[in-house]
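Structural description and commentary
Residue-level listing of the chains:
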Amino acid sequence: MRTLFLLALLAFSAVSDAQNLKFYYSKLTQSTLVTSKTNSSYIRKTPNAKAPYLMYGCRDETDDCGFMWSNKVDRMYNPEPYMVTSSTVALVVPDSKAKDFYRICVGTNSDNFFEAYLSKVATKPVNAMPITRKELRNEYFGYWIFPEGSGLQDVIVALDSDELYGVSNLMLGTIQNGLLVFAHSIPGYFLYDESVNKLTIKENVYGNQTVFLYGPKHCRPLSETSDYKVLNLGKLTSAEKKQLLLKLQADKKPNATIVRAKYAGPNESPAIRDIYWGNGVNGNFTAVSVMDLHL
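Description of the structure in this document. As the structure is a prediction and not an experimental result, all values here were calculated from the model. Per chain, residues are indexed from 1 in the order of the written sequence. Where totals are concerned, whole chains, interfaces and linings use all residues; where local detail is concerned, this predicted model gives features only for residues with pLDDT of at least 70, and gives and counts side-chain atom pairs only at 80 or more. The side-chain numbers reported here are obtained from all heavy atoms of the structure, hydrogens and water having been left aside.

1. Things to note about the overall build of the protein
The helix count covers DSSP runs of H or I at least four residues long, the strand count covers runs of E at least two residues long, and both are numbered beginning at the N terminus. Helix and strand content of the protein: 3 helices and 20 strands. In this scheme, a residue with accessible area under 20% of its type's maximum is buried, one over 50% is exposed, and one in between is partly exposed, where area comes from a 1.4 Å probe on protein chains only. The 295 residues of the protein split such that 42% are buried. The contact criterion used throughout is that any non-hydrogen atoms of two residues lie within 4.5 Å. Sequence-distant contacts, at least 24 apart, represent 56% of the contacts inside the protein between residues at least 6 apart. Calculation of accessible area relied on Shrake-Rupley with a 1.4 Å probe; when residues are assessed, cover is drawn exclusively from the protein chains displayed. Entry remark: accessible area of the protein is about 16,300 Å², with carbon and sulfur atoms responsible for 50%.

2. Considerations on the layout of surface pockets
Only protein atoms enter the 1 Å grid used here, on which a cavity is any set of points holding a 1.4 Å probe that cannot leave and a pocket is any open set flanked by protein within 12 Å on both sides along at least five of seven lines; residues with an atom within 4 Å of a point are listed as lining. Grid points are joined across faces, edges and corners, and a volume is the space filled by probe spheres set on the points. Taken as a whole, the second largest pocket spans an internal volume of roughly 430 Å³. When contributions to the lining of the second largest pocket are tallied by element, the ones reaching two or more residues are strand E7 (83-85), strand E8 (90-94), strand E9 (101-106) and strand E19 (271-278). At 5 residues, the largest contribution of residues to the lining of the second largest pocket is made by E19.

3. With respect to the sheet that holds E8
Only when DSSP finds a minimum of two bridges between them are two strands counted as paired. What the 5 strands build is an open sheet, ordered E10-E9-E8-E2-E11; its pairing is antiparallel. Two strands close off the open sheet at either side, each with one partner strand: strand E10 (114-119) and strand E11 (123-125). For this sheet the average axis-to-axis angle between neighbouring strands, irrespective of direction, equals 50°. Pairing geometry for E8 and E9, over 2 bridges, is antiparallel. Axis lines are fitted to C-alpha atoms, over the contacting stretch for helices. Their N-to-C directions set the angle, which ranges from 0 to 180 degrees.

4. Let's talk about the side chain of histidine 184
Following the sequence through the fold, histidine 184 ends up in strand E15 (residues 179-192). Classification of histidine 184 as buried rests on a relative accessible area of 0%. Polar contacts here mean pairs of N or O atoms no more than 3.5 Å apart (in protein, one a potential hydrogen donor and the other a potential acceptor; neighbouring residues in sequence count only if both atoms are side-chain atoms). A polar atom in the side chain of histidine 184 sits 2.6 Å from the backbone oxygen of tyrosine 24. At 3.0 Å, the side chain of histidine 184 and the backbone oxygen of glutamine 249 are in polar contact.

Below, the structure is given as structure tokens:
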């Protein structure tokens, strides 16, 4: 009887330690990809071949840059046509009111996100190479995945950094139809510290960034070709996983949508590249869904 009581107590303890978390993510409603049929194709303001086309420019010797339409040009920005080229891929959706055009999204972040149009006759379909968990783990820096069978295998964490501007973001998302779809983004990064025994979070570092410190107990085994100490999400405790996911806003509504695909441009090797930036709640391209994460 005592043995049965102890087993029951252990089982109850294991259940008590288990933690669940609601994960809000952006689910793709469309996954059609196209590129320019020629060297480049204009992006139109409305679904009309004579509509104003998109331009982009910057003021001399400044980082003051912006989009504008060809019928309202500010020459102070030295604008040039902003086009879909044969080296770029766009995520598109059909428009029932404009059968000869695709609707696309333009912008580099949610602040200048807007929709525009691309002529179907100027494009051709693209079959992107499916992105897999295995290659993210073995071939790319800046992606972190949880182990199979962990209850979190659908979750992807990624670093998005711009060295020129000294900005880095950690993004949270999923793999869908061979594409990476991120729904959350916060300013921050992972940093190794040999003195750290548990995942430690530092706020407001270098321009309001969140830094996640990890130590030797959290690392993947060193490879034969590198002594870089890489964070292994599978070595985090349930409490540390929850701490990380909550700080990455997994339980909040998406604050952005970034979609990446793997493809090769003309005379280029295959690589994972951004194909879409959105505001996270745009119903033409994505819908907000929720899944239960078991930590």
